[in-house]
Amino acid sequence: MTSDQAPVLWPFITGRALPASGAQMGIDMLSGTSFFADPNGWVLDEAIPVSNPNMFFYGAPGMGKSGTVKGFASRMISFGYRILVLGDAKDEYEALCRAFDVEPIAIGQGLTARVNPLEFGPLKHGWEGLAAEEARKRAAIVFSRWLTLIRGLVGSQRIGQTPVPFGPSEEAVVEAALRRLTGYSDGRTTLTETTIPLLWHLLANPSRELVEECRYGSERQFLDQTRLLRDALGKLVGGTLKGLFDDYTTINLDWTAPIQSLSLSRLEGLGDEATGMALLVLNSWGRAMRELAPAGDMRIVIRDEAWKVMRLGVDAVKSLDADFRLSRRDGDVQVAVAHKPDDTSSVGDVGSQAAQIAKDLVHLADTKVLHGQDREIGHQLGDLLGLNDIVVDWVTGWCRQSPGRAVWLVGDLVFRVRTILHPIEKQLAWTNTALERA
């Protein structure tokens, strides 16, 4: 018989429960036992079929997705984790921050908070005392991170329907300019922090040495060949994101606090592209702050509205993909939140590189949490994740009957979980405040 038929003939035979470690989330309705979530612990347990701690949460609005994410993250604090919300697009985590006596930081036009995406981060500490080989290793990490960010920011902009190109020539120009601005190309022992406006200004007014290093015949040829690159960078200097990421960092996050959140809700009026670019910048900046994290410094990195980054183009998707792939090395649990499969599958044309990377990104998360969906979206999830009809029926039926119900896919293990929140947690997770005030 098939696995679809077996539960009917043997209804009291259940699958094994997961170990009782990590955050106690609620009741597994298939076994009647408590359900615990411990993504890093699952990776270390050879009996559990997962190879990474990453998590994808799907669910229609109002189905308890936010409550489950916040409940999981806040309960993991008791096990030594800290929470980092890289871009709270809708201010959903402000109440949770204040519950832990942490004031969330808001970024937006007219506000004083600034983030410099070209900040060195911890890798700059002690640079003057480094051996030459170690200095080269750190420089390679820093410049690679910056190039990944700039490639994503440039490629997210369009000429009609065509992304602004950022090929080997543009990469060579940007890297050469950054090395000169920081003093690395001059062999300095103390490096100078730079900013995107300084990079843009140097490309608009190139020195003779920069022109020659980039192998252009003249300054005019350099300016002609880099015009699109300068225009794209200029959007951060004088466009919709002016005043947000074009100066030195003015915030000083306490990285020992149980939670930190950077709010982007003030950018909502600028559109999804502006918010996506801001999320991409924060993603790069957050990666910098974690590059020399001590052993045992484990984070739950929450990426709400991750699809806004992915729709910026293939290079933005690659940036997110890199973080998911490094989760095992860093000890971080990467959490991406989306409403439906289209959020991640519509990042590019069918069969395009961006669409394929986005599809693979979903499979870089061995844990998927599926809250209630309507019938059409449920079948889309079934096709994306290879779900059988019974699981699809749970997502479109049982899960929709009450917020907080979800199907947890841990590798190829399936659990039907009813999340249980404390009344205080319910208040912190409530996302319908605006509706109550209407």
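Here the structure is a predicted model, which means the values were calculated and not measured.

> Can you help me understand the environment of Thr-112 in this one?
Along the chain, Thr-112 turns up in the loop between β5 (105-106) and α5 (132-155). You can call Thr-112 exposed: its relative accessible area is 70%. Considered as a pair, Thr-112 and Thr-250 are 138 residues apart in the sequence and their alpha carbons are 7.5 Å apart.

> Sorry, what's going on with the pattern of salt bridges here?
Opposite charge on two side chains permits them to pair, given that their charged atoms come into close proximity. According to the stated counting rule, one finds 18 salt bridges in the structure shown. Here Glu-103 ties to Arg-98 by a salt bridge, and the two come within 2.9 Å at their closest N and O atoms. Look at the salt bridges and you will find they share partners, linking Asp-91, Glu-94, Arg-98, Glu-103 and Arg-266 into a network.

> Please clarify how the pairing of strand β3 (residues 55-58) should be interpreted in this entry.
Burial along β3 is two-sided: the face carrying Met-55 and Phe-57 and the face carrying Phe-56 and Tyr-58 are both buried. Where β3 lies against strand β10 (residues 333-338), four bridges are found, and the strand directions are parallel. Paired with Phe-56 across the two strands is Ala-336, which belongs to β10. Of the strand pairs in this sheet, β3 and strand β11 (residues 367-371) are connected by four bridges, and their pairing is parallel. Paired with Phe-57 across the bridge in β11 is Val-369.

> What is the right way to look at the sheet that holds strand β13 (residues 413-419) in this model?
What links the strands of a sheet is backbone hydrogen bonding, and the strands pair in either a parallel or an antiparallel sense. Read across the sheet, eleven strands follow the order β2-β1-β13-β12-β11-β3-β10-β9-β4-β8-β5 without closing on themselves; strand pairing throughout is mixed. The outermost strands of the open sheet, each flanked by one partner alone, are β2 (33-37) and β5. The sheet contact formed by strand β1 (residues 23-28) and β2 spans five bridges and is antiparallel. Within β2, the position partnered with Ile-27 by the bridge is Ser-34.

> I would appreciate a short explanation of the packing of aromatic side chains in the present structure.
Between two aromatic rings, the relevant description is the distance of the centres plus the angle of the planes. One pass over the structure, following the stated rule, counts eleven aromatic pairs. Relative to Phe-222, the ring of Tyr-216 lies with its centre 5.3 Å away and its plane at 80°, an arrangement referred to as edge-to-face. Per residue, the accessibility class of Tyr-216 equals that of Phe-222, and both read buried. Pairwise contacts between aromatic rings join Phe-120, Trp-127, Phe-143, Trp-146 and Tyr-184 into one cluster. Here the basic side chain of Arg-179 rests over the ring of Phe-143, its NZ or CZ set 4.8 Å away from the ring centre. Positioned above the aromatic ring of Trp-398 is the side chain of Arg-416, whose terminal nitrogen or guanidinium carbon lies 4.8 Å from the ring centre.

> What exactly am I supposed to notice about the packing of helix α6 (residues 168-182) against helix α7 (residues 196-204) here?
Between α6 and α7, the shortest axis-to-axis distance is 10 Å and the interhelical angle comes to 110°. Judged by the inter-axis angle, α6 sits roughly perpendicular to α7. Judged by the twist between their axes, the crossing of α6 over α7 is right-handed. Contact with α6, carried on its side by Val-173, Val-174, Ala-177, Leu-178 and Leu-181, involves Leu-198, Leu-199, Leu-202 and Leu-203 of α7 and no other residues of that element. Of the residues contributing to the contact of α6 with α7, the split by class is nine nonpolar, no polar and no charged.

Analysis parameters
- Residues numbered from 1 in each chain as written.
- Predicted model: local features only at pLDDT ≥ 70, side-chain atom pairs only at ≥ 80, totals over all residues.
- Heavy atoms only, no water.
- Helix = DSSP H or I, 4+ residues; strand = E, 2+ residues; numbered from the N terminus.
- Buried < 20%, exposed > 50% of the residue type's maximum accessible area, 1.4 Å probe, protein only.
- Salt bridge = Lys/Arg side-chain N within 4 Å of Asp/Glu carboxyl O.
- Pairing = 2+ DSSP bridges.
- Phe/Tyr/Trp six-rings, centres within 6.5 Å; stacked < 30°, edge-to-face > 60°.
- Lys NZ or Arg CZ within 6 Å of the ring centre and 35° of its normal.
- Axes fitted to C-alpha atoms, helices over the stretch in contact; angles between N-to-C directions.
- Parallel < 35°, antiparallel > 145°, perpendicular 65-115°, else oblique.
- Left-handed = near helix turned anticlockwise from the far one by under 90°.
- Contact = heavy atoms within 4.5 Å.
- Nonpolar A, V, L, I, M, F, W, Y, C, P; charged D, E, K, R; others polar.

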